[in-house]
Amino acid sequence: MNTVLRFLDAERDKEESADDIRARLSSVISSLGFDFFTLVRQPGPESDANEIMLAGQWPKGWPELYVKRKYAAIDPMIRYLGHSQHGYRWSEPMLAFEQDPHRKRIERMMSDARGHGLEDGYVFPVHGRRGLVGVLSVAGQVIDLTPSEISIMDALAKRAFWDILQALDPGAYERIARPVSVQMTRREMETLEYLGYGMTSNEMGATLGLSAHTVDWYMNGIQEKLHARNRHHVVAIAFRLGLIS
């Protein structure tokens, strides 16, 4: 892990190109014994669909087969991203989805992966203030990482993601990395909290001593401040921002 620590301790040279950072990251991951890795941006409003891949590559033929057989729809490594804030080994989501109705397809996917030299691997999600923004995946031969080493790899994923994104697309970096400042009144925070409990306008009004019409007025203000499309979107955004738990 010394090479990882040196990567983390190095001060970023603002003149360093994205290719230079990619080369350093590739060297670090190779030194750990992993044969393949990818660092990607999470597709969404902040991402260019043509520039999702930030660094790395999978074995020849694997991406094409993965797309052809539509494995993204059942891939447990991807689906598990919504369950974890930290890095995990492939075996963890495989266990979590043991009773999944698509288990046979999952097993076939893993068999195909092994046929391309992907015996085992780890996934390290990168989160920003707005939620999941990227993912570092490393794979190849079987390598055992301790919990502390997984934590260090989490840090590597974050550092590499933000450094490469800043060098590659400063505009996207500013949009994704900048702090989110949302000013809520006390009544709006109360309304938001009760909405998180699944309460209707009538129920919130009865609890707060307000009319349903007034609750709706507060909700419209909250949606506008959070740039949300509907109440479900409000809850999702508020959760990501830590406004509700």
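So, how was this worked out
- Residues numbered from 1 in each chain as written.
- Predicted model: local features only at pLDDT ≥ 70, side-chain atom pairs only at ≥ 80, totals over all residues.
- Heavy atoms only, no water.
- Helix = DSSP H or I, 4+ residues; strand = E, 2+ residues; numbered from the N terminus.
- Contact = heavy atoms within 4.5 Å.
- pLDDT = per-residue confidence, 0-100.
- Axes fitted to C-alpha atoms, helices over the stretch in contact; angles between N-to-C directions.
- Parallel < 35°, antiparallel > 145°, perpendicular 65-115°, else oblique.
- Left-handed = near helix turned anticlockwise from the far one by under 90°.
- Nonpolar A, V, L, I, M, F, W, Y, C, P; charged D, E, K, R; others polar.
- 1 Å grid on protein atoms, 1.4 Å probe; cavity = no way out; pocket = protein on both sides within 12 Å on 5 of 7 lines; lining within 4 Å.
- Points joined across faces, edges and corners; volume = space filled by probe spheres on them.
- Salt bridge = Lys/Arg side-chain N within 4 Å of Asp/Glu carboxyl O.
- Buried < 20%, exposed > 50% of the residue type's maximum accessible area, 1.4 Å probe, protein only.

Undergrad: Would you mind showing me how to read the side chain of Thr 38 here?
TA: Tracing the sequence through the fold places Thr 38 in strand 1 (residues 36–41). Setting aside chain neighbours within four positions, we find Thr 38 in contact with Met 53, Ala 55, Gly 56, Gln 57, Trp 58, Val 135, Leu 136 and Ser 137.

Undergrad: What should I look at first to understand unusual backbone geometry in this one?
TA: Glycine aside, residues mostly have negative phi, and peptide bonds are mostly found in the trans state. Unusually for a residue other than glycine, Lys 70 sits at a positive phi of about 55°. Tracing the sequence through the fold places Lys 70 in the loop between helix 3 (62–68) and helix 4 (76–79). Even without glycine at this site, His 227 takes up a positive phi of about 55°. Here His 227 lies in the loop between helix 11 (212–226) and helix 12 (231–241).

Undergrad: Would you take a moment to explain the confidence of the model for the protein for this structure?
TA: For the protein, the average pLDDT comes to 89, and 93% of its residues sit at 70 or higher. Considering only residues more than four positions removed or in separate chains, one finds that residues 45–49, a stretch of pLDDT under 50, has seven contacts.

Undergrad: Could you clarify how one ought to interpret the packing of helix 9 (residues 186–196) against helix 10 (residues 201–208) in this entry?
TA: Axes are the key here: two packed helices are described by the angle between their axes and the distance separating the axes. Direction vectors running N to C along helix 9 and helix 10 enclose 130°, while the axes themselves pass 10 Å from each other. Compared by their axis directions, helix 9 and helix 10 come out oblique. Remark: the crossing between helix 9 and helix 10 carries right-handed chirality. Between helix 9, through Arg 187, Glu 190, Thr 191, Tyr 194 and Leu 195, and helix 10, the contact on the second element is made entirely by Met 204, Thr 207 and Leu 208. Residue composition of the contact of helix 9 with helix 10, grouped by class: four nonpolar, two polar and two charged.

Undergrad: Before we go on, may I ask you to explain the layout of surface pockets in this structure?
TA: Which parts of space are left empty comes out when a probe the size of a water molecule is rolled across the atoms. By volume, the second largest pocket is sized at about 710 Å³. Residue lining of the second largest pocket: 25 residues in total, with Thr 38, Trp 58, Tyr 66, Asp 75 and Ile 78 positioned closest to the centre. If one sorts the elements of the lining of the second largest pocket by residue count, helix 3 sits on top with four residues. Of the residues contributing to the lining of the second largest pocket, the split by class is 20 nonpolar, three polar and two charged.

Undergrad: What exactly am I supposed to notice about the side chain of Asp 100 here?
TA: Mapped onto the elements, Asp 100 comes out in the loop between helix 5 (91–96) and helix 6 (103–115). Beyond its immediate sequence surroundings of up to four residues, Asp 100 is in contact with Arg 79 and Ile 106.

Undergrad: Would you take a moment to explain the pattern of salt bridges for this structure?
TA: Between side chains of opposite charge, a pair can form when the charged atoms approach closely. Summed over the entire model, instances satisfying the criterion amount to 13 salt bridges. Where Glu 190 meets Arg 187, a salt bridge forms, and the shortest distance between an N and an O atom there is 3.0 Å. Note that Glu 190 and Arg 187 are positioned in helix 9 at a spacing of three residues, about one turn of the helix. Among the residues examined, Glu 190 registers a relative accessible area of 24% and is labelled partly exposed. In the salt-bridge network here, residues are joined through shared partners; they are Arg 89, Asp 120 and Asp 144.

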